[in-house]
Amino acid sequence: MAMCVCWGPVVRVLVLQAAWALGGGQVRYSVPEEAKAGTVVGRLAQDLGLEAGEPEARRLQLAAQGRRASVEVSGASGALVVSSRLDREELCGKSAPCALRLEVLVERPLRVFHVELEVTDINDNAPLFPVSKESFTMAESSLPGSRFPLEGASDADIGANAQLSYTLSPTEHFSLEHQGNDDESASLALVLMKPLDRETVPVHRLVLTASDGGRPPLMGTMELVISVLDANDNAPQFNQSVYKVKVLEGSERGTLLIKLSATDLDEALNSDIIYLFSRRVAAQVKEMFTIDENKGEIRLQGKLDYEEMDSYEITIEARDKGSPPLAGHCKVVVEVVDVNDNAPEVWVTSLSVPVPEDAAVGTVVALLSVSDRDSGANGRVRCAVWPAAPFGLVATFAGSYSLVLREALDRERVPEYEVEVRAEDGGAPPLRASRGVRVPVSDVNDNAPVFAQAVYTVLARENNAAGAELARLWARDPDEAGNGRVSYSVAEGGVGGAAVGAGWRPASSYVSVDAESGRLWALQPLDYEELQVLQFEVRAVDAGEPPLCGNATVQLFVVDENDNAPALLPPAGGGPGPGSAGEAASGPGSGALWAWAAWGAPAGQVVAKIRAVDADSGYNAWLRYELWEPRGKGPFRVGLYSGEVSTARALEEADGPRQRLVIVVRDHGEPSRSATATLSVSLVEGAEAALAAAGSSSSSSSSSSSSGAGLRPGAGAEGGAAAAAATATATTNVWLVVAICAVSSLFLLAVVLYGASRWAPRAAVLSGPGPATLVCASEVGSWSYSQRQSRSLCVADGAGKSDLMVFSPNFPPPPGPAAKETQPEPPALLDTPFNTCMSIDSLMEVPENFFSKNPKIVLYTRRKPVPIAIRDILTASLQLDV
């Protein structure tokens, strides 16, 4: 059993090698044509003696050949399969057998095998005749037995599939003669069996069928049409000798007038009739009419005009194609019927254009002439102009009209008119004609330049470069050419300017406008502290005659830049109250500030107040106060926005007799600017502090008449210390009693003055209503402008700043003409909630019922809105515009 398993494959290989050697090293396969793709032709790898897996390992493949083989080797199984359509007729034609010789390659080692593939024929092609229909003509006198050769069919197949047989449809007059089976040597003929009778059967129609020898057989057919020719013994005849036709004049070319028909009893060429003009017909008639020689149709090829000729006589000849040809004749009379075939004609005899847009009504623009070649009602013409405005027609005499101006023209609205003059005659149906007249309108200088905006709001940052472009103004003048060419200038003569100090400077000293482009330039750098708003007029003048002009108001707002550092103010003249030192006083010489504080003063006690002002506005003028020295947890602190210096804790003797404070005042601009104040605080006993405060108050009162700053010389501090020493070392009781009384009196006076200044209402002046220009910083750093009713509320302490603007609600004027004259009364100051735009250093104390309606004031900075509580508002100078 083991021997069989071992020797079996060896024996099989030896047998295959022997068979291969006997067969000459060639494998033969056979496959029918039209086999489907994927059909296995043969197990090539097995027939070549390759083991399983070897075809893919040794890369069994077909060698490339010039002609597509339509077969391929399957890489996995090594089988020869059909890869594309096999068509034996395409590959080999009529050759038999159809054998394809292939070369098969294997590698490791490289060997070449020859494979022969025979493509066998199937019956896939039907017999095919050269034509599907063949026509014959036979004379009626043809004798029986006459043979008429026929061309047989062909079959692309071979062998039995290409053997053809023929049959003829049943007939008593003809039979079919077929000899041989080969396509090249076979003959096919139609034989006449019985005499033909044209009058009985003029045309014989037969079907010739060819069948091949396949299973099942395929067939092809050809139709045979046999026409019997008769002798030419009959002439063509018309059914009447004279034909009468009426045709309207102006009929279109190609109009069918009449279709003649003649009959001939003969057949074929003997009855084939052509229609011709007789030789006696005039050339004028031949130019006017045309005849179809095959159909006998007479058509119009010229233009009929009743006024030129009202009738035509045409002699027609009908001729057959027999030998010799025979002919018949008739006469056609064409009567021309008069119709309205002439449209009116409109001509422009005179045209006066362009028309000035200020032309007077009734101006003649054009002269027109209207005519119609017809007569009677067909020649009467009515005219109209479209569009109906602004032109009209005026009849002057028969056939003549004038195109006149009926309405005023405006070139800016319609620069050109396409006028159509329409004419209509009185025919039925009426004919119409039109003539277009192009009327351009010439320009006159009737439009003044108009700016795109009546008021231009321009924002310019201060310290801008001289020659910087601020804005671009544009005025439109709808006129053309010079009438629409605009030049710009800044209006002079007190129209615009700015008050600078005590003088007045015209706007032209600040800005200039380009005459052609309307660009607004800065002539010099602008300073917000000098000029906040510049209002002036720009004039646009055209180049017409006379020139027209238009004006626009330009409101130039100078946007503040942080170019001013905070400046320290001298202390106000108010005296301190009990327990406080009041505002800081400036010392002599060095300009340092000093103040007193009593030992044991509680935390939160106000010692002094630093006052500063910034010449800038808005966010750039919002000041904050910082304690620079001493750093850390010192006995004093400074209010961030109030500038009040107060005790951070209770004062102790360990704090020393004097404290030196360095306070930095910064604004909120970018970059920030600052100023530094040095404050010296002397720490004394309570009684000494009261005495010093009283002395400061009296000295401030005595010096206010001259300077108004409430300053106290630095020697006062030294005198106070000397007085304290003298009091401690009093040598006499009298002076001690006097001193005590004096100190007590001064203390009581200081308490009264402090209470009066703290709780007494501030004097205010309320001005009447008047127009005010309001400018404030918005939340994005731009500037808004408003013209409204306002009241000014100013406190007596310090000069007012225009940074705080309180806007009252908008009150629309009542409807009607009186709206411009009637202005709504402004609401009461304390009865209307306001939207407030302010800088923090410009606030003031206002009555409580005002703040009850406005618990929060929103400061719109250049970056974002910052809510500020009422308790944080400084009691600074303020101007309210309501």
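Residues numbered from 1 in each chain as written. Predicted model: local features only at pLDDT ≥ 70, side-chain atom pairs only at ≥ 80, totals over all residues. Heavy atoms only, no water.

**As for the side chain of Asp-372**
Then, number 1: Considering the arrangement of structural elements, one finds Asp-372 in the loop between β26 (364-371) and β27 (381-386).
Then, number 2: Comment: no salt bridge for buried Asp-372; closest opposite-charge side chain is Arg-373, at 7.4 Å.
Then, number 3: Among the polar contacts listed, one links the side chain of Asp-372 to the backbone nitrogen of Asp-374, at a separation of 2.9 Å.
Then, number 4: Leave out the neighbours within four places in its chain, and Asp-372 touches Asn-342, Ala-343, Pro-344, Asn-378, Gly-379, Val-381 and Asp-425. (Helix = DSSP H or I, 4+ residues; strand = E, 2+ residues; numbered from the N terminus. Buried < 20%, exposed > 50% of the residue type's maximum accessible area, 1.4 Å probe, protein only. Lys, Arg positive; Asp, Glu negative; His and termini not counted. Salt bridge = Lys/Arg side-chain N within 4 Å of Asp/Glu carboxyl O. Polar contact = N/O pair within 3.5 Å; in protein donor to acceptor, adjacent residues only side chain to side chain. Contact = heavy atoms within 4.5 Å.)

**Re unusual backbone geometry**
Then, number 1: Pro-387 follows Trp-386 through a cis peptide bond whose omega is 0°.
Then, number 2: In the Ramachandran plot, Asn-463 falls in the positive-phi region, its phi being about 65° despite a non-glycine side chain.
Then, number 3: Mapped onto the secondary structure, Asn-463 falls in the loop between β33 (455-461) and β34 (469-472).
Then, number 4: Notably, Ala-481 is not glycine yet its phi reads approximately 55°, a positive angle.

**Focus: the pattern of salt bridges**
Then, number 1: Following the criterion strictly, the structure yields 21 salt bridges and no others.
Then, number 2: For the salt bridge of Asp-443 with Arg-411, the shortest nitrogen-to-oxygen distance reads 3.0 Å. Taken together, the residues Asp-443 in the loop between β31 (432-442) and β32 (450-451) and Arg-411 in the loop between β29 (400-405) and β30 (416-425) connect sequence positions 32 residues apart. For the pair formed by Asp-443 and Arg-411, the shared burial category is buried.
Then, number 3: Between Glu-626 and Arg-666 there is a salt bridge; the shortest N-O distance is 3.4 Å. Of this pair, Glu-626 sits in strand β48 (residues 623-629) while Arg-666 sits in strand β51 (residues 658-667), placing them 40 residues apart in sequence.
Then, number 4: Taken together, the shared-partner salt bridges in this structure form one network comprising Arg-411, Glu-412, Asp-443 and Glu-480.

**Quick notes on the side chain of Glu-317**
Then, number 1: Counting through the fold element by element, Glu-317 comes out in strand β22 (residues 311-320).
Then, number 2: When its relative accessible area of 12% is taken as the criterion, Glu-317 is described as buried.
Then, number 3: Within the local environment of Glu-317, its side chain forms a polar contact with the side chain of His-329, the two groups lying 3.4 Å apart.
Then, number 4: Setting aside its immediate chain neighbours within four residues, Glu-317 contacts Ile-274, Tyr-275, Leu-276, Ala-327, Gly-328 and His-329.

**Quick word on the packing of aromatic side chains**
Then, number 1: Counted under the stated rule, the structure contains 9 aromatic pairs.
Then, number 2: Judged by centre distance (6.2 Å) and plane angle (80°), the rings of Phe-451 and Tyr-456 are edge-to-face. Of the two residues, Phe-451 and Tyr-456, both sit in the buried class.
Then, number 3: When the centroid spacing of 4.1 Å and the interplanar angle of 85° are considered together, the rings of Trp-594 and Trp-596 count as edge-to-face.
Then, number 4: Look at Trp-594 and you get buried, because its relative accessible area is 9%.
Then, number 5: We classify Trp-596 as buried; its relative accessible area is 7%.
Then, number 6: Ring pairs connect the aromatic residues Phe-451, Tyr-456 and Tyr-488, which therefore count as one cluster.
Then, number 7: Here the basic side chain of Arg-505 rests over the ring of Tyr-510, its NZ or CZ set 4.6 Å away from the ring centre.
Then, number 8: Taking the ring centre of Trp-628 as reference, the NZ or CZ of Arg-631 above it sits at 4.0 Å. (Phe/Tyr/Trp six-rings, centres within 6.5 Å; stacked < 30°, edge-to-face > 60°. Lys NZ or Arg CZ within 6 Å of the ring centre and 35° of its normal.)

**A word on a nonpolar patch on the surface**
Then, number 1: A surface patch of nonpolar side chains, amounting to about 200 Å² of accessible area, comprises Val-348, Leu-351 and Val-353.
Then, number 2: Positionally, Val-348 belongs in strand β24 (residues 345-351). (Patch = residues over 30% accessible without salt bridge, like charges linked within 9 Å, V, L, I, M, F, W, Y side chains within 5 Å. Areas by Shrake-Rupley, 256 points an atom, 1.4 Å probe, with all protein chains shown as cover.)

**Describing the sheet that holds strand β50 (residues 644-647)**
Then, number 1: Spatially, 3 strands are ordered β46-β50-β49 in an open sheet, and the strand pairing comes out antiparallel. Here the strands that pair on one side only, and so sit at the sheet edges, are β46 (606-609) and β49 (636-638). On average, each strand axis in the sheet is inclined to that of its neighbour by 25°, with strand direction left out of account.
Then, number 2: Judged from the 3 bridges that link them, β49 and β50 form a sheet pairing that is antiparallel. Residue Phe-636 lies in a different strand from β50, and its bridge partner there is Thr-647. (Pairing = 2+ DSSP bridges. Axes fitted to C-alpha atoms, helices over the stretch in contact; angles between N-to-C directions.)

**Some details on the nonpolar core**
Then, number 1: Counting 28 residues, the largest nonpolar core has Phe-451, Phe-536 and Leu-556 as its most contacted members.
Then, number 2: Counting residues in hydrophobic clusters, the runner-up holds 27 residues, among them Tyr-243, Ala-318, Val-332 and Val-336. (Core = buried A, V, L, I, M, F, W, Y, C linked by side-chain atoms within 4.5 Å.)

**A closer look at the pairing of strand β16 (residues 242-248)**
Then, number 1: Side chains Tyr-243, Val-245 and Val-247 project from β16 onto a buried face, and the interleaved Val-242, Lys-244, Lys-246 and Leu-248 project onto a face without burial.
Then, number 2: Of the strand pairs in this sheet, β16 and strand β23 (residues 327-337) are connected by 7 bridges, and their pairing is parallel. From the neighbouring strand, Tyr-243 faces β23, where its bridge partner is Val-332.

**So, the environment of Ala-162**
Then, number 1: Within the secondary structure, Ala-162 sits in the loop between β9 (147-150) and β10 (165-168).
Then, number 2: Remark: the alpha-carbon pair of Ala-162 and Lys-94, spanning 68 residues in sequence, is separated by 10.0 Å.

**Side note on the sheet that holds β22**
Two pairing modes exist for strands in a sheet, parallel and antiparallel, and in both the strands are linked by backbone hydrogen bonds.
Then, number 1: Here we have 4 strands laid out as an open sheet, ordered β16-β23-β22-β19, and mixed in their pairing. Of all strands in the sheet, those bounded by a partner on one side alone are β16 and β19 (273-277). Shown here is a sheet whose adjacent strand axes are inclined to one another by a mean of 30°, direction ignored.
Then, number 2: As judged from the 9 bridges shared by β22 and β23, these two strands associate in the antiparallel manner. Note that in β23 the partner of Ala-318 across the bridge is Gly-328.

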